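So you can see what is in the structure, the chains are spelled out below.
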Amino acid sequence: MATLVPRTVLITGCSSGIGLAVAVRLAQDPQQRFHVIATMRDLRKKEKLEEAAGPALGKTLSIQRLDVCSDSSVAECMENIPGGRVDVLVNNAGVGHVGPVESISVEEMKRIFETNFFGVVRMIKAVLPDMKRRQSGHIVVISSVMGLQGIVFNDVYAASKFAVEGFCESLAVQLLQFNVVSMVEPGPVNTDFELKLMEEVSRSEFPGTDPATVRYFKDAIVNVIRARRPAFRTQTNSLYTPLVALKYADPSGDLSVRTYYRLLFNYGTLFHLSMAALRCLTCGCFRRRVTPL
Ligand SMILES: NC(=O)C1=CN([C@@H]2O[C@H](COP(=O)(O)OP(=O)(O)OC[C@H]3O[C@@H](n4cnc5c(N)ncnc54)[C@H](OP(=O)(O)O)[C@@H]3O)[C@@H](O)[C@H]2O)C=CC1
Ligand SMILES: CC1=C(/C=C/C(C)=C/C=C/C(C)=C/C=O)C(C)(C)CCC1
């Protein structure tokens, strides 16, 4: 049987969290089906990834610098890829932002879009022409449940992920002939994401998730990449599916808004953990830090 050529997987944002976990998971694939180019904007942070990669480092995993906000950085990274061929692009790099819109400058809002939306666009523009030429390829976008449903005080972040969803929904139709685009909408996943959010906005907590969910989430991404005909969307938190469906069940949008309102402000005990974190976005009284895995 012809030996399968390993697929080149380019992943953005691998210095921590989901990007790091997916890079290691693919690089350590038992059948060695992937050659991972794990990228990050600051190579001084590569130690955590090198450690996690173990023996895969230098074999099925290489590390490159890539800042998705810089055209020159994207071009430079692509030039360092043998033949410029990327079989799978995983757009993972992203930044969060919480707080009342009154306190966020438009400049700050643009920074969130520069990474979360234009960073994804830059990477897709860099790989798409070659994928079209080869009539094959797979672009995975780590969107978010907040790309389907906004959550209070996450207005700008949700907007940036809605932008990603709209961009990919439109692109997917054009690319259907070789089914290139998939989106994964995780959340919440226990990574540095909240930590950075907290450090950045000096908040101390965001709801973590149980280890089983994080494991399931990692499988969800790997399954999306391995699937022959991957679904266009994969939400990793099944709790969201009925909530998102509400949005489309009632064209007026009232059903969805009222349901979230009740979930957030009437059934506090039911969602007390998320509730506490979400309510404390306003009063900053976070008590317990949910330690990342
Ligand atoms: N954690 C969660 O609950 C959820 C996360 N997501 C999404 O998952 C993705 C990964 O987040 P997560 O792993 O949780 O959080 P982390 O903060 O751990 O990872 C984010 C990664 O993005 C990188 N990054 C930020 N800006 C840039 C840039 N300009 N160029 C290149 N890399 C950059 C960070 O690098 P650096 O170390 O330099 O900051 C880091 O490696 C994000 O897109 C996030 O929106 C979606 C739903 C839920
Ligand atoms: C599950 C759930 C809730 C909490 C959701 C949270 C906390 C989501 C966090 C998502 C993140 C961090 C996304 C990052 O991209 C609500 C709204 C309380 C009520 C409805 C069910």
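Reading the values: the criteria
Residues numbered from 1 in each chain as written. Chains lettered and ligands numbered in written order. Predicted model: local features only at pLDDT ≥ 70, side-chain atom pairs only at ≥ 80, totals over all residues. Heavy atoms only, no water. Near = heavy atom within 4 Å. Polar contact = N/O pair within 3.5 Å; in protein donor to acceptor, adjacent residues only side chain to side chain. Areas by Shrake-Rupley, 256 points an atom, 1.4 Å probe, with all protein chains shown as cover. Helix = DSSP H or I, 4+ residues; strand = E, 2+ residues; numbered from the N terminus. Nonpolar A, V, L, I, M, F, W, Y, C, P; charged D, E, K, R; others polar. Core = buried A, V, L, I, M, F, W, Y, C linked by side-chain atoms within 4.5 Å. Buried < 20%, exposed > 50% of the residue type's maximum accessible area, 1.4 Å probe, protein only. Contact = heavy atoms within 4.5 Å. Pairing = 2+ DSSP bridges. Right-handed = clockwise from strand over helix to strand, strands pointing away.

By the naming in an unreviewed UniProt entry, the protein goes by Ketoreductase domain-containing protein and is assigned to Accipiter nisus.

Peer 1: Just checking my understanding: could you explain the site of ligand 1 for this structure?
Peer 2: By nearness alone, 31 residues border ligand 1, and Ser-15, Ser-16, Tyr-157, Val-189 and Thr-191 come closest of all. Here Lys-45 contributes a side-chain N or O atom positioned 3.0 Å from an oxygen atom of ligand 1. Separating an oxygen atom of ligand 1 from a backbone N or O atom of Asn-92 is a distance of 2.7 Å. Burial of ligand 1 by the protein chains amounts to 97% of its free accessible area of 900 Å². Only α1 (17-27), α6 (155-175) and α7 (192-201) provide two or more residues apiece to the shell around ligand 1. Ranked by residue count, the leading element in the shell around ligand 1 is α7, at four residues. Counted by class, the shell around ligand 1 contains 13 nonpolar, 11 polar and seven charged residues.

Peer 1: What is the right way to look at the nonpolar core in this model?
Peer 2: In globular proteins that are soluble, nonpolar side chains generally tend to be buried together. Membership of the largest hydrophobic core comes to 28 residues, with the highest contact counts inside it found for Leu-10, Leu-89 and Ile-139. When residues of this core are traced back to their parent elements, those giving at least two are α3 (71-79), α5 (118-134), β5 (138-142), α6 and β6 (181-185). In terms of residues, this core owes the most to one element, α5, which gives seven residues. When residues no more than four places from it in sequence are discounted, the contact partners of Leu-89 are Leu-10, Met-123, Ile-124, Val-127, Met-131, His-138, Ile-139 and Val-140. One finds Leu-20, Leu-26, Val-36 and Val-90 within the second-largest nonpolar core, a separate group that totals 24 residues.

Peer 1: Where do I start with the environment of Val-181 in this structure?
Peer 2: Position of Val-181 among the secondary structure elements: in strand β6. Overall, Val-181 belongs to the buried group, its relative accessible area being 8%. In this structure, the C-alpha to C-alpha distance between Val-181 and His-138, residues 43 residues apart in sequence, is 5.9 Å. When sequence neighbours within four positions are dropped, the list of residues in contact with Val-181 reads Ile-139, Cys-168, Leu-171, Ala-172, Leu-175 and Phe-232.

Peer 1: Help me understand the pairing of strand β1 (residues 7-11), please; the structure alone is not making it clear to me.
Peer 2: Put simply, side chains in a regular strand alternate between the two faces of the sheet. Most of β1 is tucked away: four of the five residues are buried. Looking at chain direction, β1 and strand β2 (residues 34-40) are connected through five bridges and run parallel. Residue pairing across strands places Val-9 opposite Val-36, the latter belonging to β2. In this region the chain leaves β1, passes through α1 and returns to the parallel neighbour β2; the handedness of that crossover is right-handed.

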